[in-house]
Amino acid sequence: MGKFILRRATLAAIAIMGVTAVVFLLLRLSGDPVALLVPPDATEADYQRIRHILGLDQSLPVQYLKFLARVAHGDFGDSFTYKQPAMGLVLERLPATLELTGVTVLLIVIISIPLGLLAAVWRDSLFDYALALITLIGQSMPNFWFGIMLILVFAVELRWLPTSGQGGIGHLVLPVVALASQPLCRATTLMRSTILEILGADYIRTARAKGLRERRVLFLHALRNALIPYITLLGVDLGYLLGGAIVTETVFAWPGLGRLAVDAISRRDFPVVQADVLFVAAAVVVLNFMIDLSYGWLDPRIKVS
């Protein structure tokens, strides 16, 4: 177990280092943030002075090494726009994103598992065909377009729900539905296909031959083994949800990490973008590590090696 954790920790560190390099380089290619910070009547001397204060007058390798040195001490720099620590701004927006993502994941699990089970049990039925059509449409719709359609129908026309912002349960409904649409359909399809494959396995036929009730066979034997690929997909979709939250939070004006990143990118606020992306990348790495550890609990035959 110790070697496994060390190996995964090493791979995680390499992945995060790669993210830092890519984000750092792409941000510098997006333009000079000083052009957005100086007033229109600023002189060339003012321009160069601000570049020197921000450390942007140095070569890219020097800037990158200094950035890594600060990050190693937990310092992501101060926001160019807000004049506050960049990581502090990220942590302020984190609860809103956790609320949106957490409710979305809960909705996916609660709906996709029963629907996948029913579609597998009632194979080739009208319910199965209807569900297949719905999941196909759901996976084909971009979440930003679906979110706009939800706003037009349920907020503008019917006036049942608020259009944007964070507040009560009503403010969660539309962004959660928009964000969950694609991963929910994928998870449902995977659960159905996995259950169908498992129901044809030898150990399922043996369990039935022993006289076990169909419900016990389905939930105790089939479902538990189906959860391994399901959790794997859910781990991948956690990254999608955090990334997709950027678009969803922008459409619904949700004050989370995604909207913070979009605002920071538009203002070329390098420290905030770097802190935001690195935090999300680290969170995805940790979550996937926890999912790897859960495999052994779901199936004792799976070894660390």
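Higher on the page you've got the structure.
### Section: unusual backbone geometry
Even without glycine at this site, Ala253 takes up a positive phi of about 50°. Relative to the helices and strands, Ala253 is located in the loop between helix H10 (214-251) and helix H11 (257-266). One non-glycine residue, Arg268, lies in the positive phi region at around 55°. The partly exposed category is assigned to Arg268, whose relative accessible area is 24%.

### Thoughts on the nonpolar core
One finds Ile108, Ile113, Met191, Ile195, Ile204, Ala222 and Tyr230 to be the most contacted residues of the largest nonpolar core, which totals 34 residues. Elements with a minimum of two residues in this core: helix H5 (86-121), helix H8 (169-199), helix H9 (202-209) and H10. Sort the elements by how many residues they give to this core and H10 lands first, with 12 residues. Filtering out sequence-adjacent residues up to four positions away, Met191 remains in contact with Ser112, Ile113, Gly116, Leu117, Leu223, Ala226, Leu227 and Tyr230.

### Let's talk about the packing of helix H6 (residues 126-140) against H8
Two elements in contact, H6 and H8, have axes separated by 8 Å at closest approach and are oriented at 140°. Between H6 and H8, the interaxial angle falls into the category oblique. Crossing handedness for the pair H6 and H8: left-handed. Residues Asp128, Leu131, Ile134, Thr135, Gly138 and Gln139 of H6 pack against Ser181, Gln182, Cys185, Arg186, Thr188, Thr189 and Arg192 of H8. Looking at the contact of H6 with H8 residue by residue, the class counts come to three nonpolar, seven polar and three charged.

Conventions adopted
Residues numbered from 1 in each chain as written. Predicted model: local features only at pLDDT ≥ 70, side-chain atom pairs only at ≥ 80, totals over all residues. Heavy atoms only, no water. Helix = DSSP H or I, 4+ residues; strand = E, 2+ residues; numbered from the N terminus. Buried < 20%, exposed > 50% of the residue type's maximum accessible area, 1.4 Å probe, protein only. Core = buried A, V, L, I, M, F, W, Y, C linked by side-chain atoms within 4.5 Å. Contact = heavy atoms within 4.5 Å. Axes fitted to C-alpha atoms, helices over the stretch in contact; angles between N-to-C directions. Parallel < 35°, antiparallel > 145°, perpendicular 65-115°, else oblique. Left-handed = near helix turned anticlockwise from the far one by under 90°. Nonpolar A, V, L, I, M, F, W, Y, C, P; charged D, E, K, R; others polar.

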